[in-house]
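Now for the letters of each chain:
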Amino acid sequence: MNCRSLLIYLSLFLFTAFVPGAGCFDLHAQYENVWAFGQKAGLDFNPGNPVFVHTSIDGFGEANASVCNEQGQLLFYTEGTIAWNRNGDKMADSLVPIRERIVGTTTPTSSSCQGTVIVPMPGSDSRYYIFSLFSIEYGTDYGRLYYSIVDMSLNNGLGGVDPGQKAILLDSSLKEQMTAVSGDEYNVWLMLKTQKNVFKAYNISACGIDSLPQQSPGMSSRFGGGVTTGQIVFSPDGRKMAVSYLAGIFGSVGGGAELYDFDPLTGKVSNPQLLVNGEGQYGAAFSPDNSKLYIGGGDAGGLIYQIDLTSSDTISRRRLIGISSFSQLKLAPDGKIYFVYDRGQRWLGTIDFPDRPGNACGYTANAIQIPEGSNLLVGFPNVIAMAAKDTTTYTPITTDIQAPCWIDPSIGYFLHGSKEGWDHLWNDGSTTADLLINEPGKYWVSYYAKPCRFQVDTFIVTFPGGVLPSIAIEASCHNAANGRAKAYTYPGDTVIYHYTWRNNRNDILSATADLQNVPAGKYSLAITTAQCDTLLYIDIPEVEGRVSFAADSLACIIDTIQFQNTSDPYYTNFVWSFGDSTFSVLPVPTHRYKQAGQYEVRLIGKGSQCSDTAYKSIVTDAQLPVFFLPGSDSICVGQHITFTSQHEDHTLMAQSWAWGDGSGMELTNEVLVKHAYDIAGIMPVTLSSHFRACPDASFTDTIYVEQLPLVDLGIDSFLCLNYSPVILESKFFSPDLHYLWNTGDTTSSIRIVQPGVYTLTASTKLLGCSTTETVEVKKSCYTDIPNAFTPNGDGYNDYFFPRQLLSRETATFKMQVFDRWGQLLFETSGIEGRGWDGRYIGKEQPQGVYVYRVEVTLKGNRPERYEGNITLIR
């Protein structure tokens with residue numbers, strides 16, 4: 001339970017019980033009258049001069065704590081891991097988790113410089129906190145902090161550890177420095193140092209331990225950078241804090257001392273001062289009058305120095321007082337400061353007059369010797385910080401308050417709590433010093449007041465003149481008279497009120513608290529009581545809000561339309577009509593239309609008195625991305641096909657055609673579209689339609705394009721009469737085709753014996769796709785070679801040469817002329833020249849009959865041979 005929760009809890013019992021709380025602590029030296037320290041050692045300061053007592057305390061000897069009652073009688077003691085009662089018996093097996101109890105011969109806490117501290121629980125006479133801090137020897141667990149609670153009412157007054165409040169982890173990553181100091185407001189501060197050079201102050205009050213500590217930065221110096229041990233000590237007045245450091249463990253590796261200001265109210269540490277740097281200081285203690293600080297017991301042979309805190313000279317204010325063993329320093333109940341002088345011989349040393357400067361402080365080396373069987377080590381019991389008890393008598397204060405006339409609830413009335421107190425808590429949970437009220441009744445506030453008193457004040461508030469009635473107003477509808485206003489008094493108010501309502505013409509409209517059925521306008525209300533009267537002006541407004549809604553005005557029939565109700569909050573009930581004979585009473589409906597068209601949507605809204613209507617037109621579009629094919633869906637290559645698309649002009653924006661052959665076109669509102677294919681195949685034709693509101697949609701159908709037949713009759717042919725006939729046929733034959741010649745033949749080839757033009761038409765059997773090819777067969781043999789010539793020089797028939805034959809498409813040519821005895825008279829293979837002129841070796845041959853032979857190869861590699869007689873005439 002936190003402090004605030006505790007105060008709220010206490011406020012429920014303010015009139016039946018008093019429970020003291022936090023604040024106003026005192027130090028009580030008798031709580032430290034018996035020390036337990038070292039191994040089996042102890043000192044009892046009750047007789048005046050300390051005497052040795054035997055204890056059961058054990059461990060490494062750095063961490064020690066013991067506590068007495070108000071009479072100075074020992075209650076229990078601990079080294080942080082084990083707690084013993086005043087008879088030396090263990091109170092519990094362990095104050096830390098069992099798994100972390102012992103490493104070697106050292107407990108987790110006993111080798112921590114300030115590894116334990118006992119804090120009497122504020123607000124309790126029998127319960128105590130034991131805090132346990134792990135030492136550096138425990139590796140990754142170094143710096144873990146646990147606490148347990150000892151209840152002295154257990155075990156017949158010998159005390160015991162509360163089993164439900166044991167080994168509770170509070171923090172981690174701390175150094176081996178821990179102590180406690182009294183606060184200014186019923187609290188104790190538990191002060192620690194983190195491994196990252198930050199001070200943490202935990203607030204301990206009657207509410208428990210605050211889990212969020214006050215944090216203050218430490219000085220930046222790290223004294224060599226190693227792990228440091230040492231003490232945190234507070235001056236007796238709680239305003240100064242000193243910290244000693246010894247770098248390393250039991251080694252002369254440096255260290256120092258720091259001084260800070262401390263605020264007991266906030267737990268804040270400030271104003272850091274570096275007192276010593278480079279010399280290890282293990283122990284520290286303030287003088288009783290707060291003016292001197294003693295440090296030492298560490299580096300450089302255990303030298304002890306006195307630092308005069310009243311001097312501003314940083315050099316001369318430090319004086320060497322004496323030497324010691326490796327030791328802590330502690331201010332005892334007898335006003336002396338104790339230290340371990342010789343650990344081997346078990347001698348304690350003292351500074352007898354620590355308030356005095358220099359050697360006047362009374363350094364004594366061999367002050368007390370510890371008997372055989374007990375050992376001195378390095379540590380003394382940690383300080384006991386006590387919370388002062390509230391001994392004042394609680395007297396409740398009750399105040400009767402009569403408020404003035406006409407308390408306005410909208411302004412309220414202030415009740416004033418104590419200005420000198422703190423932690424105010426009113427009965428409604430408010431935590432301010434003053435409380436604003438607007439109703440009569442009983443009020444109370446609890447708080448803490450100086451010096452150390454928990455106070456509860458009660459206020460009984462009456463309003464004899466009455467509380468100004470509150471006016472509730474209901475607006476009037478537009479062009480209607482249904483406005484209303486009514487005056488309400490505080491429930492339980494016994495004052496008699498009189499009312500008079502008037503309009504702006506001063507007509508009396510009502511003599512009761514209620515004004516009904518009036519139009520919007522300005523009105524006055526006179527209120528009177530036996531002691532007070534007032535005149536109020538009331539404005540009854542007109543309902544200004546309207547019914548309205550928003551939605552897409554253009555939508556697709558596949559869309560669900562979301563209607564947004566933007567009506568004024570005054571309207572709470574709604575009826576929707578969507579224009580297609582459907583309705584809804586939802587405040588924010590959705591709707592989907594089944595057909596394209598234009599619809600009138602109506603919204604009727606109703607409030608407590610008024611209603612209103614809003615309209616909106618919505619147009620819905622349909623998707624019709626289809627087309628039709630007239631007749632067959634199969635065509636021949638090169639043949640046009642006509643597509644007929646279906647659409648509605650008011651919905652369609654554009655259409656895109658893809659013909660399936662890599663081509664396409666975009667049109668707008670074209671119904672008939674033609675296309676011809678120049679390749680064959682299965683063509684997926686796609687029509688993509690773009691609409692105003694609907695998403696783009698596509699429709700695909702398939703067109704089958706049949707290939708035209710292949711017909712090739714070759715080049716024109718030549719035919720020699722009386723020689724072999726010509727065979728005409730297509731180079732591409734298929735049994736799936738029909739063939740038709742212009743001769744009437746239906747075979748794929750025909751036999752030609754006469755020159756002429758011949759045509760073949762090939763048609764497919766499925767669609768009749770046809771291809772026609774034409775070829776000419778020509779007469780190519782030369783049968784009219786001249787049979788006579790007259791070489792007489794007159795320019796006519798002077799030579800024998802078949803020139804008409806040579807005009808054909810001749811590839812090779814050879815002509816020979818013989819006499820009748822077979823003598824070769826003339827020969828040529830050129831198609832140029834004049835031919836035979838009737839001479840042989842330059843001599844004219846006689847008139848008569850001669851023999852010729854002509855061999856010709858026409859183009860197409862067709863050889864022909866001609867022989868005959870030629871007559872030479874002179």
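Not measured: the values here are computed from a predicted model. (Residues numbered from 1 in each chain as written. Predicted model: local features only at pLDDT ≥ 70, side-chain atom pairs only at ≥ 80, totals over all residues. Heavy atoms only, no water.)

What to know about the overall build of the protein chain
Part 1 of the reasoning: Along the protein chain, the regular secondary structure elements total three helices and 72 strands.
Part 2 of the reasoning: Put simply, the protein chain has 874 residues, and 47% of those count as buried.
Part 3 of the reasoning: Of the accessible surface of the protein chain, which amounts to about 41500 Å², a share of 50% is contributed by carbon and sulfur atoms. (Helix = DSSP H or I, 4+ residues; strand = E, 2+ residues; numbered from the N terminus. Buried < 20%, exposed > 50% of the residue type's maximum accessible area, 1.4 Å probe, protein only. Areas by Shrake-Rupley, 256 points an atom, 1.4 Å probe, with all protein chains shown as cover.)

Focus: the pattern of salt bridges
Part 1 of the reasoning: Scanning all chains against the criterion turns up 21 salt bridges.
Part 2 of the reasoning: In this structure, Arg239 and Asp184 form a salt bridge, with 3.6 Å as the shortest nitrogen-oxygen distance. Taken together, the positions of Arg239 in the loop between strand S18 (232–234) and strand S19 (240–247) and Asp184 in the loop between strand S12 (174–182) and strand S13 (188–194) put the pair 55 residues apart, joining distant regions of the chain.
Part 3 of the reasoning: Across the pair Arg853 and Glu867 runs a salt bridge whose closest N-O atoms are separated by 3.1 Å. Of the two residues, Arg853 is situated in strand S71 (residues 848–858) and Glu867 in strand S72 (residues 862–872); the sequence distance between them amounts to 14 residues.
Part 4 of the reasoning: You can call Arg853 partly exposed: its relative accessible area is 29%.
Part 5 of the reasoning: Through salt bridges with shared partners, a single ionic network connects Asp837, Arg839, Glu844 and Arg874. (Salt bridge = Lys/Arg side-chain N within 4 Å of Asp/Glu carboxyl O.)

Some points on the sheet that holds strand S37 (residues 483–488)
Part 1 of the reasoning: If you trace the three strands from one edge of the open sheet to the other, you get S36-S37-S40, paired in antiparallel fashion. At either margin of the open sheet sits one strand with a lone partner, and together these are strand S36 (470–474) and strand S40 (514–518). When the angles between neighbouring strand axes are averaged without regard to direction, this sheet yields 10 degrees.
Part 2 of the reasoning: Where S36 lies against S37, five bridges are found, and the strand directions are antiparallel. Considered in S37, the bridge of Ala472 is made with Lys486. (Pairing = 2+ DSSP bridges. Axes fitted to C-alpha atoms, helices over the stretch in contact; angles between N-to-C directions.)

A few points about the side chain of Ser689
Part 1 of the reasoning: The topology assignment puts Ser689 in strand S58 (residues 681–691).
Part 2 of the reasoning: Side chain to side chain, Ser689 and Gln655 meet in a polar contact 3.5 Å long. (Polar contact = N/O pair within 3.5 Å; in protein donor to acceptor, adjacent residues only side chain to side chain.)

Focus on the state of the cysteines
Part 1 of the reasoning: Tallying each qualifying case throughout the model produces three disulfides.
Part 2 of the reasoning: Between Cys477 and Cys610 runs a disulfide, and the two sulfur atoms are separated by 1.6 Å. Given an S-S torsion of about -105 degrees, the disulfide between Cys477 and Cys610 has left-handed geometry. With Cys477 in the loop between S36 and S37 and Cys610 in the loop between strand S50 (597–606) and strand S51 (611–621), this residue pair connects regions lying 133 residues apart in the sequence. The same class applies to Cys477 as to Cys610, namely buried. (Disulfide = S-S within 2.5 Å.)

Notes on the side chain of Glu32
Part 1 of the reasoning: Positionally, Glu32 belongs in the loop between helix H1 (3–11) and strand S1 (34–37).
Part 2 of the reasoning: A distance of 2.9 Å separates a polar side-chain atom of Glu32 from the backbone nitrogen of Ile384.
Part 3 of the reasoning: Ignoring anything within four residues of it in the chain, the contact list for Glu32 reads Phe45, Lys330, Pro333, Val383 and Ile384. (Contact = heavy atoms within 4.5 Å.)

With respect to the sheet that holds strand S3 (residues 51–52)
Part 1 of the reasoning: Across the sheet, which stays open at both edges, the three strands sit in the order S1-S2-S3 with antiparallel pairing between neighbours. On the outer flanks of this sheet lie S1 and S3, each paired with one strand and no other.
Part 2 of the reasoning: Both S1 and strand S2 (residues 41–44) contribute to a ladder of four bridges, which runs antiparallel. By the bridge assignment, Val34 is partnered in S2 with Asp44.

Some thoughts on the nonpolar core
Part 1 of the reasoning: Ranked by size, the top nonpolar core spans 21 residues in total, and within it Phe549, Ile561, Phe563, Trp576, Tyr593, Val601 and Ile618 carry the most contacts.
Part 2 of the reasoning: Every element with two or more residues in this core is listed here: strand S47 (573–577), S50 and S51.
Part 3 of the reasoning: Broken down by element, this core gets its largest block of residues, three residues, from S50.
Part 4 of the reasoning: Among all residues touching Phe549, those that are not within four sequence positions of it are Phe563, Gln564, Asn565, Thr566, Trp576, Val601, Leu603, Ala614, Tyr615 and Lys616.
Part 5 of the reasoning: Judged by nonpolar contacts, the second largest core, of 19 residues, contains Val117, Val119, Phe131 and Ile149. (Core = buried A, V, L, I, M, F, W, Y, C linked by side-chain atoms within 4.5 Å.)

Digging into the pairing of strand S32 (residues 422–426)
Residues in a regular strand project their side chains so that they alternate between the two faces of the sheet.
Part 1 of the reasoning: Across the five residues that make up S32, a large majority, four, are buried.
Part 2 of the reasoning: Alignment of S32 against strand S34 (residues 441–449), held across three bridges, turns out to be antiparallel. In the strand pairing of S34, Trp422 is matched with Tyr448.

Considering the confidence of the model for the protein chain
Part 1 of the reasoning: Averaged over the protein chain, the pLDDT score is 84; the fraction of residues at 70 or greater is 87%.
Part 2 of the reasoning: Long-range and interchain partners of residues 1–28, a stretch whose pLDDT sits below 50, account for 72 contacts in this model, where long-range means more than four residues apart. (pLDDT = per-residue confidence, 0-100.)

Digging into the pairing of strand S55 (residues 652–658)
Part 1 of the reasoning: As paired elements, S55 and S58 share six bridges and run antiparallel to each other. The residue bridging Leu652 from the neighbouring strand is Phe691, located in S58.
Part 2 of the reasoning: With four bridges joining them, S55 and strand S56 (residues 664–667) adopt antiparallel strand pairing. Counterpart to Gln655 in the pairing with S56 is Leu667.

A few points about the packing of aromatic side chains
Part 1 of the reasoning: Within this structure, the stated rule accounts for 33 aromatic pairs.
Part 2 of the reasoning: One aromatic cluster is present, formed by Trp35, Phe37, Phe45, Tyr338 and Phe380 through successive ring pairs.
Part 3 of the reasoning: Above the face of the Tyr305 ring, Arg318 is positioned so that its terminal group lies 4.4 Å from the ring centre.
Part 4 of the reasoning: The ring of Phe353 has Arg356 sitting right over it, with the charged end atom 4.0 Å from the ring centre. (Phe/Tyr/Trp six-rings, centres within 6.5 Å; stacked < 30°, edge-to-face > 60°. Lys NZ or Arg CZ within 6 Å of the ring centre and 35° of its normal.)

Details of unusual backbone geometry
Part 1 of the reasoning: The backbone of Asn156 shows a phi angle near 60 degrees, a positive value even though the residue is not glycine.
Part 2 of the reasoning: By the element assignment, Asn156 lies in the loop between strand S9 (145–151) and strand S10 (160–161).
Part 3 of the reasoning: Residue classification places Asn156 among the exposed positions, given a relative accessible area of 83%.
Part 4 of the reasoning: Even without glycine at this site, Asn479 takes up a positive phi of about 55 degrees.
Part 5 of the reasoning: Positionally, Asn479 belongs in the loop between S36 and S37.
Part 6 of the reasoning: Judged by its relative accessible area of 70%, Asn479 falls in the exposed class.

So, a nonpolar patch on the surface
Part 1 of the reasoning: A cluster of nonpolar residues, Val575, Phe583 and Val585, forms a patch on the protein surface that exposes about 310 Å² of accessible area.
Part 2 of the reasoning: One can find Phe583 in strand S48 (residues 583–584).
Part 3 of the reasoning: On the basis of relative accessibility, which here comes to 55%, the residue Phe583 falls in the exposed class. (Patch = residues over 30% accessible without salt bridge, like charges linked within 9 Å, V, L, I, M, F, W, Y side chains within 5 Å.)

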